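Chain by chain, the residues run as shown.
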Amino acid sequence: MRMQQHKQHVRQRSHGPDALLQPNEFSAQLQRPSIDSGSTVASDDAWDDMDADTPVQPMSPSELEAGVNMLFERNSSLAKLQPPTLPQMPSGASTPVLSSTSTLDGNPIVSYPPPPATWTNMPHKDQLAILAFSRFVDFFQMASLQTYMVHQLKSFDHSLPDSVISHQSGILQGAFTAAQIITSIIWGRVADQPNVGRKMVLNIGLIGTGISCVGVGFSTTFGQAVAWRILGGAVNGTVGAARTMVAETVDKRWHSRAFLLLPVAFNFANMLGPILGSLLVDPLESYPRLFGPNSTFGGKDGVHWLGHNPYALANLLSTALLFLEAAVVALYLRETLHSGREMAVSRFDPIQLCK
């Protein structure tokens, strides 16, 4: 009975043609008793029929060598095993939790704990800086417009009462956001297309918003200003594209820090936009030595186009920042989209993109 249990343990350890046998198991396999003189190693069926009283016949050196060769042929991967070697671990790495866990080649699997996520070891800081600046310039134009929007609306028609001007300023401010909300789903789907990508959507939003700022700055009626603001919001898909690229630029361990850069840039724009925008309103009156009559940049009557468009220079500052960021994005920002559904440009269907 004891011999049968030992036999069963050996058979389970060596079951299958590709099972690996340890060197101390060779003797257990090779010491199987012979049933007849014509077999070197007893078969499993013969082993099952043996009794505990069956005598074990000693094996000759030639039989022992033949048995070893047979075991190596049955376990072909055993001959390929190399002595396990530990790879050189970097400073601060821990030892394996389970040192017996190894690969098929016999090398131990060593797990290295990831370093703690900090601002110092955050990867791709240059990419995150570009994305943060895109958020800055995107809201800079909105914050700057809020400073002089009411005065620009009054300049269109001085006879309008304050109640109408207040209503018009609400429409002008909400037109950009409303158009941005309506087209955000479409721009999100377009950004997933492999032949477009997030970078292209971000650049389209920056350039399109910059062009709309020029239109608002040179508008002479309320209707023109609203139309340009609607256009700027319709092409502006920068918020979704920037957030997605931040998530795809760094590993999830740094997301809590990386995503803080966008609201920080937003708040800086909310602070600097009104300050810088208000400094450039009506430059002929604010800086007469530079733009007024007989000034540095003006002739006898001053800079003529600034006199007719006193709010254009503030909008042109927003345009310059937006175009500058678009150039930086085009030259230095890396695309983060690696897969997606192809878009048939010849059969462009905005409704299909939203499905």
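In this text, all values refer to a predicted model and were calculated from it rather than measured experimentally.

1. What to know about the overall build of the chain
Right, on to step 1. Summing up its helical and strand segments, the chain has 16 helices and zero strands in all.
Right, on to step 2. A buried classification covers 37% of the 355 residues belonging to the chain.
Right, on to step 3. Of the contacts made within the chain by residues no fewer than 6 positions apart, 69% connect residues no fewer than 24 positions apart.
Right, on to step 4. Element-wise, carbon and sulfur atoms account for 61% of the exposed surface of the chain, whose accessible area totals about 20700 Å².

2. Considerations on a nonpolar patch on the surface
Right, on to step 1. Among the surface-exposed residues, Trp-119, Leu-260, Val-264, Phe-268, Met-271, Leu-272, Ile-275, Leu-276 and Leu-279 lie close enough to one another that they form a single nonpolar patch of about 790 Å² accessible area.
Right, on to step 2. Tracing the sequence through the fold places Val-264 in helix α11 (residues 261–279).
Right, on to step 3. Under the relative-accessibility criterion, Val-264 is labelled partly exposed at 42%.

3. Quick notes on unusual backbone geometry
Right, on to step 1. For Asp-282, which is not glycine, the phi torsion reads 50 degrees and is therefore positive.
Right, on to step 2. Mapping Asp-282 onto the fold places it in the loop between α11 and α12 (283–286).
Right, on to step 3. With a phi angle near 55 degrees, Asn-294 is a residue other than glycine that sits in the positive phi range.
Right, on to step 4. Note that Asn-294 resides in the loop between α13 (288–291) and α14 (304–308).

4. Considerations on the packing of helix α5 (residues 125–156) against helix α9 (residues 238–249)
Right, on to step 1. Closest axis-to-axis distance for the α5/α9 pair is 10 Å, and the angle between their directions is 165 degrees. Classed by the angle they form, the pair α5 and α9 counts as roughly antiparallel. As α5 runs across α9, the sense of the crossing is left-handed. Only Thr-238, Val-239, Ala-242, Met-245, Val-246 and Thr-249 of α9 make contact with α5, whose side of the interface consists of Gln-127, Leu-128, Leu-131, Ser-134, Arg-135 and Asp-138.
Right, on to step 2. Residue classes in the contact of α5 with α9 are distributed as six nonpolar, four polar and two charged.

5. Structural notes on the pattern of salt bridges
Right, on to step 1. Summed over all chains, the structure comprises five salt bridges.
Right, on to step 2. Between Arg-135 and Asp-138 there is a salt bridge, and its shortest N-O distance comes to 3.4 Å. Taken together, the residues span about one helical turn, with Arg-135 and Asp-138 both in helix α5 at a distance of three residues. We note that Arg-135, like Asp-138, is buried.
Right, on to step 3. Measuring nitrogen to oxygen at the nearest pair gives 2.7 Å for the salt bridge that ties Arg-198 to Glu-248. In this pair, Arg-198 sits in helix α7 (residues 197–217) while Glu-248 sits in helix α9, placing the two residues 50 residues apart along the sequence.
Right, on to step 4. Judged by relative accessible area, which is 7%, Arg-198 ranks as buried.
Right, on to step 5. Of the residues examined, Glu-248 reaches a relative accessible area of 35% and is grouped as partly exposed.

6. Side note on the nonpolar core
Side chains of a nonpolar character, in soluble globular proteins, are inclined to be buried together.
Right, on to step 1. Val-201, Leu-202, Leu-206 and Leu-333 are the most contacted members of the largest nonpolar core, which totals 36 residues.
Right, on to step 2. Mapped onto this core, the elements with two or more residues apiece are α5, α6 (162–191), α7, α9, α11 and α15 (312–332).
Right, on to step 3. The biggest single contributor to this core is α5, with 10 residues.
Right, on to step 4. Counting 13 residues, the second largest nonpolar core, distinct from the first, contains Tyr-148, Ala-175, Val-216 and Tyr-311.

7. What to know about the confidence of the model for the chain
Right, on to step 1. Counting all residues, the mean pLDDT for the chain is 78, and 66% of those residues have values of 70 or more.
Right, on to step 2. Counting contacts from residues 7–43, a segment whose pLDDT is below 50, to residues more than four positions away or on other chains yields 60 contacts.
Right, on to step 3. Contacts for the low-pLDDT stretch residues 95–100, under 50 throughout, to residues beyond four places or in other chains number five contacts.

8. Side note on the side chain of Ser-219
Right, on to step 1. Within the secondary structure layout, Ser-219 lies in the loop between α7 and α8 (222–234).
Right, on to step 2. Ser-219 sits in the buried class, given a relative accessible area of 5%.
Right, on to step 3. From its side chain, Ser-219 meets the backbone oxygen of Gly-215 in a polar contact 2.5 Å long.
Right, on to step 4. Residues in contact with Ser-219, not counting those within four places in the same chain, are Gln-152, Phe-156, Gln-224, Ala-225 and Trp-228.

9. Regarding α9
Right, on to step 1. For α9, which comprises 12 residues, the first-to-last C-alpha distance of 16 Å matches the rise-based estimate of 16 Å (1.5 Å per residue) to within 8%.
Right, on to step 2. Looking only at α9, the buried set comprises Thr-238, Ala-241, Ala-242, Met-245, Val-246 and Thr-249. Down the axis, α9 shows its buried residues gathered within 135 degrees of arc, on one side only.
Right, on to step 3. Buried residues in α9 make contact with α5, α7, α10 (255–258) and α11.

Cut-offs used in this document
Residues numbered from 1 in each chain as written. Predicted model: local features only at pLDDT ≥ 70, side-chain atom pairs only at ≥ 80, totals over all residues. Heavy atoms only, no water. Helix = DSSP H or I, 4+ residues; strand = E, 2+ residues; numbered from the N terminus. Buried < 20%, exposed > 50% of the residue type's maximum accessible area, 1.4 Å probe, protein only. Contact = heavy atoms within 4.5 Å. Areas by Shrake-Rupley, 256 points an atom, 1.4 Å probe, with all protein chains shown as cover. Patch = residues over 30% accessible without salt bridge, like charges linked within 9 Å, V, L, I, M, F, W, Y side chains within 5 Å. Salt bridge = Lys/Arg side-chain N within 4 Å of Asp/Glu carboxyl O. Axes fitted to C-alpha atoms, helices over the stretch in contact; angles between N-to-C directions. Parallel < 35°, antiparallel > 145°, perpendicular 65-115°, else oblique. Left-handed = near helix turned anticlockwise from the far one by under 90°. Nonpolar A, V, L, I, M, F, W, Y, C, P; charged D, E, K, R; others polar. Core = buried A, V, L, I, M, F, W, Y, C linked by side-chain atoms within 4.5 Å. pLDDT = per-residue confidence, 0-100. Polar contact = N/O pair within 3.5 Å; in protein donor to acceptor, adjacent residues only side chain to side chain. Expected span 1.5 Å × (residues − 1). Arc of directions from axis to C-beta.

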